Amino acid sequence: MSLELAMISPHTPRICHQDRVPEFQKDMVQAMYEAANVIDSVNPDAIVLVSCHWMSSFFHYVDATDRHKGILTAFECPDLITDVPYDHPGDSALAMEFVEAGKAAGLSVVGINDPTYVWDYGTVVPLRYLLKRTDIPIVDLSVCWAASLEETVEWGRAIGEVIRNSPKRIVFVASGALAHNLGRRPDLWPNLTEQTLDREFCNHLVNGDRKSALDMLPSYAKAAGVESGGRHVAMLLGVLQSDFRGVLHGYGPSSGSGNPVLTIRHAS
C-alpha cells in the first residue's frame, strides 16, 4: 500500500513566518513540527495536497507542473503573507494519473501545467512546516465548489486508487480548518458547540471510524461552517480506506476557526 500517511493540517496566515507566530498559535506550530517528524519518518516520494484556498468553480484541478516556483503575496491578507518565496519540484506523471482516473470515474477533472501559476497560501504555508526536505515532489489539488460532498468523496476515491496502485510512497494532506465561522479577533476560538463537533469528527478519524466520519460530515459541515464546505476532508475520506488509526497532535484557534493537526496511518 502506497498511502504512507494522510493528515489534516492548518494553514492559518499568522503562522506563515515562524518568527512572528503569536503565543496562542505556538502549540499548533509545535504540533505541525511533530507531524513533520512523522512525514519524514515515512520518507515519502511525493506529497499530494488539497488546499481550501485553491477554490475552483466548476472543475477539480490538478497541478501537473514539473516545478512549482514563485513568490506569494496573499490576496486575502497581503499584510501577513507578503513576498514569500517557494520552490518545490512537481510530479507531472503522478498528477496526470489522477486526472485520467478522475475522468474515467466520470468527474470533471482538468490538469494544468503552467509554471506561471502562483500557489495559494493554503498550499505554501503548511509546507513551510511539514517538510524537512524541499526536494519532495508536490501535487496540488483544488476544491471544487460546484461539486457536492458526495462527488468530492468519489474524487478522493479515484485519487486513492491511483495512490494504492503506485510504487511511490505518498503522503496526502488536507490543508484547511474544521469549524470556520470566522470572527475578527485573531485569538478567537470556535464556540463550544463547534469545538465539540470538531472533537467528535477528529475522534472518528483517530479511532479509524470512517463510516461515522462520512455519516457525520454533511450536517457537521453546515452546523460548524467547516472550511470549503468540508470538501477537503471529504476528499481525505475518499482517499482513506478501512483499518486506519489517527493521532491528534494539536488543535488551535484562528479567528474563530478550529485547526487540528491530525495524522492518519493505516493499521498494520
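Scroll up to find the structure this text is about.
Note that this is a predicted model, so its numbers are computed, not measured.

This part is about the overall build of the protein. Helix and strand content of the protein: 7 helices and 10 strands. Computed over its C-alpha atoms, the radius of gyration of the protein comes to 17 Å, within 12% of the 18 Å expected for a compact globule of 268 residues. Each principal axis of the C-alpha atoms in the protein carries an extent, and together these give about 45 × 40 × 35 Å. Put simply, of all contacts in the protein between residues at least 6 apart along the chain, 79% involve residues at least 24 apart. Carbon together with sulfur atoms contributes 51% to the accessible area of the protein, which is approximately 11100 Å² in total. Across the protein, the 22 positively charged side chains and the 32 negatively charged ones have centroids separated by 2 Å.

Once that is clear, we can look at the side chain of Ser 228. Note on placement: Ser 228 falls in the loop between helix H6 (210-224) and helix H7 (231-239). At a separation of 3.2 Å, a polar atom in the side chain of Ser 228 contacts the side chain of His 232. Contacts of Ser 228, omitting those with residues within four sequence positions, involve Cys 52, Val 143 and Trp 145.

Moving on to helix H5 (residues 192-206). Between its first and last C-alpha, H5 extends 21 Å over 15 residues, near the 21 Å set by a 1.5 Å rise per residue. For H5, every residue scored as buried is listed here: Glu 194, Leu 197, Asp 198, Phe 201, Cys 202, His 204 and Leu 205. All buried residues of H5 project into a common sector of 150° when viewed along the axis, lining one side. In H5, the exposed residues that point more than 90 degrees away from the buried face are Leu 192 and Thr 193. In this structure, the buried side of H5 is in contact with strand E1 (3-9), H6, H7, strand E9 (244-254) and strand E10 (257-266). For H5, the capping residue at the N-terminal end is Asn 191, with a side-chain oxygen 3.1 Å from the backbone nitrogen of Thr 193. Backbone geometry just downstream of H5 places Gly 208 in the positive-phi region, at approximately 75°.

Strand order in the open sheet formed by 8 strands is E6-E3-E7-E2-E8-E1-E10-E9, with mixed pairing between adjacent strands. The sheet is open, and its two borders are formed by strand E6 (109-112) and E9, each paired with just one other strand. For this sheet, the mean inter-axis angle between neighbouring strands, taken without regard to orientation, is 20°. Sheet analysis places strand E3 (residues 60-63) next to strand E7 (residues 138-144), joined by 2 bridges and oriented antiparallel. Within the sheet, the bridge partner assigned to Asp 63 lies in E7 and is Asp 140. Packing against the sheet, helix H1 (residues 26-42) makes contact with E1, strand E2 (46-56), strand E8 (170-175), E9 and E10, and its axis sits at approximately 20° to E10. Of the strands in this sheet, E2, E3, E6, E7 and E8 touch helix H2 (residues 92-104), which is tilted by about 160° from E6.

As for its placement among the helices and strands, Arg 133 is situated in the loop between helix H3 (121-130) and E7. With residues near it in sequence (within four places) discarded, Arg 133 still touches Asp 40, Asn 43 and Pro 44. In terms of polar contacts, Arg 133 uses its side chain to reach the side chain of Asn 43, at 3.1 Å. At 2.9 Å, the side chain of Arg 133 and the side chain of Asp 135 are in polar contact.

What follows deals with the nonpolar core. Core analysis: the biggest nonpolar cluster contains 50 residues, and Leu 141, Trp 155, Phe 172, Phe 201 and Leu 205 have the highest contact counts within it. Considering every element that reaches this core, the biggest residue donor is helix H4 (residues 149-165), with 7 residues. Setting aside its immediate chain neighbours within four residues, Leu 205 contacts Ile 8, Ala 213, Leu 236, Leu 237, Phe 244, Arg 245, Gly 246, Leu 262 and Ile 264. Val 38, Ile 39, Tyr 121 and Tyr 129 belong to the second-largest nonpolar core, a separate cluster that totals 34 residues.

A rise of 1.5 Å per residue sets the reference length of H2, with its 13 residues, at 18 Å; its end C-alpha atoms lie 18 Å apart and thus fit the reference within 8%. Buried residues of H2: Leu 94, Ala 95, Phe 98, Val 99 and Gly 102, and no others. The buried residues of H2 occupy one face: seen down the axis, they fall within an arc of 145°. The elements touched by buried residues of H2 are E2, E3, E6, E7, H4 and E8. A positive phi of about 85° marks Gly 106, the residue just after H2.

Quick notes on the rules
- Residues numbered from 1 in each chain as written.
- Predicted model: local features only at pLDDT ≥ 70, side-chain atom pairs only at ≥ 80, totals over all residues.
- Heavy atoms only, no water.
- Helix = DSSP H or I, 4+ residues; strand = E, 2+ residues; numbered from the N terminus.
- Rg over C-alpha atoms; globule rule 2.2 N^0.38 Å.
- Contact = heavy atoms within 4.5 Å.
- Areas by Shrake-Rupley, 256 points an atom, 1.4 Å probe, with all protein chains shown as cover.
- Lys, Arg positive; Asp, Glu negative; His and termini not counted.
- Charge placed at Lys NZ, Arg CZ, Asp CG, Glu CD.
- Polar contact = N/O pair within 3.5 Å; in protein donor to acceptor, adjacent residues only side chain to side chain.
- Expected span 1.5 Å × (residues − 1).
- Buried < 20%, exposed > 50% of the residue type's maximum accessible area, 1.4 Å probe, protein only.
- Arc of directions from axis to C-beta.
- Pairing = 2+ DSSP bridges.
- Axes fitted to C-alpha atoms, helices over the stretch in contact; angles between N-to-C directions.
- Core = buried A, V, L, I, M, F, W, Y, C linked by side-chain atoms within 4.5 Å.

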